[in-house]
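Secondary and tertiary structure notes
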Amino acid sequence: MHWLKKKEPSLETLELAELCQVEGEALYRSGRYHCAEAVLEVVRRHFSPDTPAAVVNAVSGFGGGSGVGCICGAVSGGTVALGLVLNDKKLTTHLTRELHGWFKEKYGVTCCKTIRQTHKGKETCPVLTGEVAGKIAELLSRT
């Protein structure tokens, strides 16, 4: 299957991923969006602009690890964003696994509570939110 082949991202892909990373972090820092919302909003803007902005409300319960510290909201929002844009269950599942693997390699876990305990400081959540938004952009640009 063509989507299983990994290729080096193009310069255009890297630039879009970097833009999405910056925007995702900025949205989180604005205080108007939490992690899941910021990731989904960035992806909506760049990959599905015809989707109403109100769709971002669908992930409002995912912030802070679904409010109880479970899976990172940025990862959850990214997973929703993949499904929204791709509308392909197999590809969404494959890229979700890739996202989780990348995130676990970077942060050690996908658990919000654990990340907050092991990566103390105000910078962790905004930064990882931006990083997830950028990774989603990279993944979507490869399809």
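What you see is a predicted model, and the numbers here were worked out from it, not measured in a lab.

With respect to the overall build of the protein
Looking only at helices and strands, one finds seven helices and zero strands in the protein. Across the protein, helices and strands are ordered from the amino to the carboxyl terminus as α-α-α-α-α-α-α. Relative to the globule expectation of 15 Å for 143 residues, the C-alpha radius of gyration of the protein, 14 Å, shows essentially globular dimensions. For the C-alpha atoms alone, the extent of the protein along its principal axes is close to 40 × 30 × 30 Å. Here the analysis covers contacts within the protein between residues at least 6 apart in sequence; of these, 68% occur between residues at least 24 apart. Here the protein displays about 7600 Å² of accessible surface, and carbon together with sulfur accounts for 53% of that area.

Quick look at the nonpolar core
Judged by nonpolar contacts, the single largest core of 32 residues is most densely connected at Cys72, Ala74, Phe103, Leu128, Val132 and Ile136. Elements represented by at least two residues in this core include exactly helix 1 (11–29), helix 2 (35–47), helix 4 (73–86), helix 5 (89–107) and helix 7 (124–141). Beyond its immediate sequence surroundings of up to four residues, Phe103 is in contact with Cys72, Val75, Gly108, Val109, Thr110, Ile115, Leu128 and Val132.

So, the packing of aromatic side chains
Evaluation of the coordinates by the stated rule reveals two aromatic pairs. Grouping aromatic residues by their ring pairs yields a cluster made of Trp102, Phe103 and Tyr107.

As for the environment of Glu131
In this fold, Glu131 is placed in helix 7. Placed 94 residues apart in sequence, Glu131 and Glu37 show a C-alpha to C-alpha distance of 14 Å.

Considerations on unusual backbone geometry
Here the phi dihedral of Asn87 falls at roughly 50°; this positive angle occurs in a residue that is not glycine. Counting through the fold element by element, Asn87 comes out in the loop between helix 4 and helix 5. Accessibility expressed as a relative area gives 72% for Asn87, which makes it exposed.

A look at the side chain of Arg44
Tracing the chain through its elements places Arg44 in helix 2. Of the polar contacts made by the side chain of Arg44, one reaches the side chain of Glu41; its length is 3.0 Å. When sequence neighbours within four positions are dropped, the list of residues in contact with Arg44 reads Pro49, Thr51, Pro52, Ala53, Val55 and Val56.

Overview of the pattern of salt bridges
Where charged atoms from two side chains of opposite charge approach closely, those side chains can pair. Taken as a whole and judged by the stated rule, the model has seven salt bridges. Between Glu123 and Arg29 there is a salt bridge; the shortest N-O distance is 2.4 Å. Here the residue Glu123 occupies a position in the loop between helix 6 (112–118) and helix 7, and Arg29 occupies one in helix 1, the gap between them amounting to 94 residues. Since its relative accessible area comes to 45%, Glu123 is described here as partly exposed. Residue Glu41 is joined to Arg45 by a salt bridge in which the shortest nitrogen-to-oxygen separation is 2.6 Å. Taken as a pair, Glu41 and Arg45 lie in helix 2 at a separation of four residues, close to a single helical turn. Given the relative accessible area of 4%, Glu41 is considered buried.

Cut-off values and rules
Residues numbered from 1 in each chain as written. Predicted model: local features only at pLDDT ≥ 70, side-chain atom pairs only at ≥ 80, totals over all residues. Heavy atoms only, no water. Helix = DSSP H or I, 4+ residues; strand = E, 2+ residues; numbered from the N terminus. Rg over C-alpha atoms; globule rule 2.2 N^0.38 Å. Contact = heavy atoms within 4.5 Å. Areas by Shrake-Rupley, 256 points an atom, 1.4 Å probe, with all protein chains shown as cover. Core = buried A, V, L, I, M, F, W, Y, C linked by side-chain atoms within 4.5 Å. Buried < 20%, exposed > 50% of the residue type's maximum accessible area, 1.4 Å probe, protein only. Phe/Tyr/Trp six-rings, centres within 6.5 Å; stacked < 30°, edge-to-face > 60°. Polar contact = N/O pair within 3.5 Å; in protein donor to acceptor, adjacent residues only side chain to side chain. Salt bridge = Lys/Arg side-chain N within 4 Å of Asp/Glu carboxyl O.

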